[in-house]
Amino acid sequence: MDADVVYRNARILTMDPARPRAEAFATLGDRVVAVGGHEAAGLSARRTVDLAGRCVLPGFHDAHNHMAWYGLSLGELDLSPGRVATVEDVYEQVAREAARRPAGEWIIGAGYDQNRMAGGHPTAAGLDRAAPHHPVWLKHTSGHMCVVNSPVLARCGAGTAPDPDGGRIVRDAFGAPTGLLQERAQELVRGLLFPFPADMLARAVAAAGRRYAAEGITSVQEAGVGGGWIGHSGVEVAAYQQARDEDWLPQRVTLMVASDVLHPLEAHESDPYRLGIDLGIRTGFGDDRLRIGAVKVFSDGSLIGRTSAMCCDFADDPGNRGYLQAGEEELTATIVAAHRAGWQVATHAIGDRAVDVVLSAYERAQRRYPRPDPRHRIEHCAVTSPRQVERVVRLGVIPVPQGSLVREAGDGMAEALGSERAHWCYRVRSFTDRGVPVPGSSDRPVVGGLPLAGVHALVTRRTLGGRTLAAGERVDVATALRCYTVGSAHAAHAERSRGLIAPGYLADFTVLDRDPTRVPADELPGIGVLATAVGGRSVHDLGVLA
């Protein structure tokens, strides 16, 4: 026997430059052992699957998502733009929820976007009227701010607390909190409910994983666990381990550790571990199903929330240039220490000022403590000048933009940047044309995470409002598919085992009802995912792999 399974009569987009298309492939254990035409189809195997001309790709790999956050949001009040058109709609939804819940029970909602509904942000006063007997916590779609009502403001002490470093308690003209908490000020509220139980998080991960499998996703990179405003528990890795142990975790997961959990380590003076997590565990620890990835650092906030650190004023908010979440020297010190200890560093940077600070920190880190191929990342890398593009390329930094954010939040971004700078927004082609392997990612649940919708957004750059944002950054379908396969694998230091259908690679693949390279661009989001396999094992199947 040469193989366990031979898959034949397929249209295979291998992503392998040596053989871009094939008709058959074979698997043994969790690996691909042969790819080709009749020679692969003719191998002896325990089983042969006829795919009847359907399209096969390497499994999609989302390089920046929030899996536990998304899974938890499935049980929260949905305030996404498709559900609410005005701030009064938000109050109505909250009032309905309050009517069916016992007094004193928390009402938690997520997904509202003041850019896409009339009336602006909800307020504590409005929420008090809607739910006078419940604590209310509504999370902005960006994750970088939230609104709470008066009972929550009182419990968390926001009425008298000063603005925390890297955050803001928004106040009215009389100095009273409006209910809006930006960036690290959200930790005041999170402290009332967190940490979540590990079992709850494991089940949230499982719920997300089922959705992802049905979309063809075989690998994800979780963009922040363990601490800060992005984490859910100090033992969050244990929740993912539980999900894996219980066979609830269909995808391969790389976990980014929030920089908030880094602390001084007791180590020999000759060791580089001045700052890290216990036992000196760092990037790469784990296996091909669950492993530790980069350390996640936040340098600034949100473009649509107008809290990202900009070199110039927001076009629609004169006098506001956003802000960094820590001083430049503090951010740089964290990045340099993490680099020195062997971590890959993934820094959230939206505004062009933040991008400059992060690039300088990466450059300083490599100059002081040189090491081969650190492969540091800038998460989002949202606003980049031509000079910064060249600097990213020169330093070998990986930009991690999201096409889905362009689609769903691009209108607000365009208003924030103005016509002169809008073409700098969420660049992709500027990098791929220079040979940078840009990963594909969603930032889900900030926006939708369907990979083929993300491919469509990278190809069209069309916003929900119908404008084309930074038309010069459009890429073709083949390039967009490479982002979601090869590019994402490279960003996770996994390009030797993922991203291709090729001998020796993991048997992670998805079966589609149409070839994405042979349909009109606007049909891409509607392509059906018929099956998904991870390591040769079916995790989603509508009857084509049986």
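The structure under discussion appears in the preceding block.
As a starting point, this report considers the structure included with it. (Residues numbered from 1 in each chain as written. Predicted model: local features only at pLDDT ≥ 70, side-chain atom pairs only at ≥ 80, totals over all residues. Heavy atoms only, no water.)

A count of helices and strands for the protein chain gives 15 helices and 25 strands. Relative to its length of 546 residues, the protein chain is compact, with a C-alpha radius of gyration of 23 Å against a globular reference of 24 Å. The C-alpha extent of the protein chain, read off along each of the three principal axes, is 80 × 60 × 45 Å. Contacts spanning at least 24 positions in sequence make up 72% of the contacts within the protein chain whose residues lie at least 6 apart. Summed over its atoms, the accessible surface of the protein chain is roughly 20,400 Å², and 50% of this surface lies on carbon and sulfur atoms. Each charge class in the protein chain can be summarised by its mean position, and for the 59 positive and 64 negative side chains these summaries are 3 Å apart. (Helix = DSSP H or I, 4+ residues; strand = E, 2+ residues; numbered from the N terminus. Rg over C-alpha atoms; globule rule 2.2 N^0.38 Å. Contact = heavy atoms within 4.5 Å. Areas by Shrake-Rupley, 256 points an atom, 1.4 Å probe, with all protein chains shown as cover. Lys, Arg positive; Asp, Glu negative; His and termini not counted. Charge placed at Lys NZ, Arg CZ, Asp CG, Glu CD.)

Turning next to unusual backbone geometry. Where the residue is not glycine, phi is negative for most of them; where a peptide bond is considered, it is trans in most cases. Following phenylalanine 194, the chain continues to proline 195 via a peptide bond in cis, the omega torsion being 5°. Within the fold, proline 195 resides in the loop between α6 (187–193) and α7 (198–214). With an omega of 10°, the peptide bond running from arginine 444 to proline 445 counts as cis. Positionally, proline 445 belongs in the loop between α13 (429–432) and α14 (451–460). In this structure, leucine 279 takes a positive phi of about 70° despite not being glycine. For leucine 279, the location among the structural elements is in the loop between β18 (275–276) and β19 (290–298). Residues other than glycine seldom take positive phi values, yet arginine 306 does so here, at roughly 60°. Within the secondary structure, arginine 306 sits in the loop between β19 and α9 (328–340).

Here we come to the sheet that holds strand β5 (residues 31–36). With mixed pairing, four strands are arranged side by side in an open sheet as β5-β4-β1-β6. Each end of this open sheet is capped by a strand with a single partner; those strands are β5 and β6 (45–50). Adjacent strand axes in the sheet meet at a mean angle of 20° when their direction is disregarded. When strand β1 (residues 3–8) meets strand β4 (residues 24–28), the two strands line up antiparallel, connected through three bridges. Bridge pairing in β4 links valine 5 to threonine 27. (Pairing = 2+ DSSP bridges. Axes fitted to C-alpha atoms, helices over the stretch in contact; angles between N-to-C directions.)

Reading across the sheet, the six strands line up as β3-β2-β7-β23-β24-β25 and stay open at both edges, with mixed pairing between neighbours. Only two strands of the sheet have a single partner each, and these edge strands are β3 (21–22) and β25 (537–541). Across four bridges, the pairing between strand β23 (residues 509–512) and strand β24 (residues 529–534) is antiparallel. Its bridge partner lying in β24, leucine 512 is registered against valine 529.

All right, on to the packing of α9 against helix α10 (residues 352–368) then. At a minimum axis distance of 9 Å, the contact between α9 and α10 shows a crossing angle of 40°. Accordingly, the angle class assigned to the pair α9 and α10 is oblique. Two packed elements cross with a definite hand, and for α9 against α10 that hand is right-handed. Here Glu328, Glu329, Leu331, Thr332, Ile335, Val336 and His339 of α9 come into contact with α10, specifically with Arg353, Val357, Ala361, Tyr362, Arg364, Ala365 and Gln366. (Parallel < 35°, antiparallel > 145°, perpendicular 65-115°, else oblique. Left-handed = near helix turned anticlockwise from the far one by under 90°.)

To continue, consider the environment of glycine 528. Its location among the elements puts glycine 528 in the loop between β23 and β24. Spatially, the C-alpha atom of glycine 528 lies 27 Å from that of alanine 491, the residues being 37 residues apart in sequence. Beyond its immediate chain neighbours, meaning those up to four positions away, glycine 528 contacts Val511, Leu512 and Asp513.

What follows concerns α7. Given a rise of 1.5 Å per residue, 17 residues ought to cover 24 Å, and the 25 Å separating the end C-alpha atoms of α7 matches this to within 8%. Leu201, Ala202, Ala204, Val205, Ala206, Ala207, Ala208, Gly209, Tyr212 and Ala213 are the residues of α7 that are buried. Glycine 216 lies just past α7 and shows a positive phi near 90°. (Expected span 1.5 Å × (residues − 1). Buried < 20%, exposed > 50% of the residue type's maximum accessible area, 1.4 Å probe, protein only.)

On to the packing of α10 against helix α11 (residues 386–395). Across the interface, α10 lies against α11 with an axial gap of 11 Å and an inter-helix angle of 25°. Classed by the angle they form, the pair α10 and α11 counts as roughly parallel. The crossing of α10 and α11 is left-handed. Judged by residue contacts, Asp352, Val355, Asp356, Leu359, Ser360 and Glu363 of α10 engage Arg387, Gln388, Arg391, Val392, Arg394 and Leu395 from α11. Taken together, the residues of the contact of α10 with α11 break down into four nonpolar, two polar and six charged. (Nonpolar A, V, L, I, M, F, W, Y, C, P; charged D, E, K, R; others polar.)

Now for the packing of aromatic side chains. If you walk through the whole model with that rule in mind, you get eight aromatic pairs. Between tryptophan 137 and phenylalanine 194 the ring centres are 6.2 Å apart and the planes differ by 65°, which places this aromatic pair in the edge-to-face class. Of this pair, tryptophan 137 sits in strand β11 (residues 136–140) while phenylalanine 194 sits in the loop between α6 and α7, and the two are 57 residues apart along the sequence. Of the two residues, tryptophan 137 and phenylalanine 194, both sit in the buried class. Aromatic side chains tryptophan 229 and phenylalanine 298 sit 5.0 Å apart centroid to centroid with 45° between the ring planes, which places their arrangement in the tilted category. Of this pair, tryptophan 229 sits in the loop between β15 (217–225) and α8 (236–245) while phenylalanine 298 sits in strand β19, and the two are 69 residues apart along the sequence. Residue phenylalanine 298 is classed as buried on the basis of its relative accessible area of 11%. Taken together, the aromatic side chains of Tyr7, Phe25 and Phe509 make up a single cluster linked through ring pairs. (Phe/Tyr/Trp six-rings, centres within 6.5 Å; stacked < 30°, edge-to-face > 60°.)

It is worth spelling out the environment of glutamate 328 at this point. Checked against the element boundaries, glutamate 328 lands in helix α9. You can call glutamate 328 partly exposed: its relative accessible area is 39%. What glutamate 328 contacts, discounting residues up to four positions off in sequence, is Arg353 and Val357.

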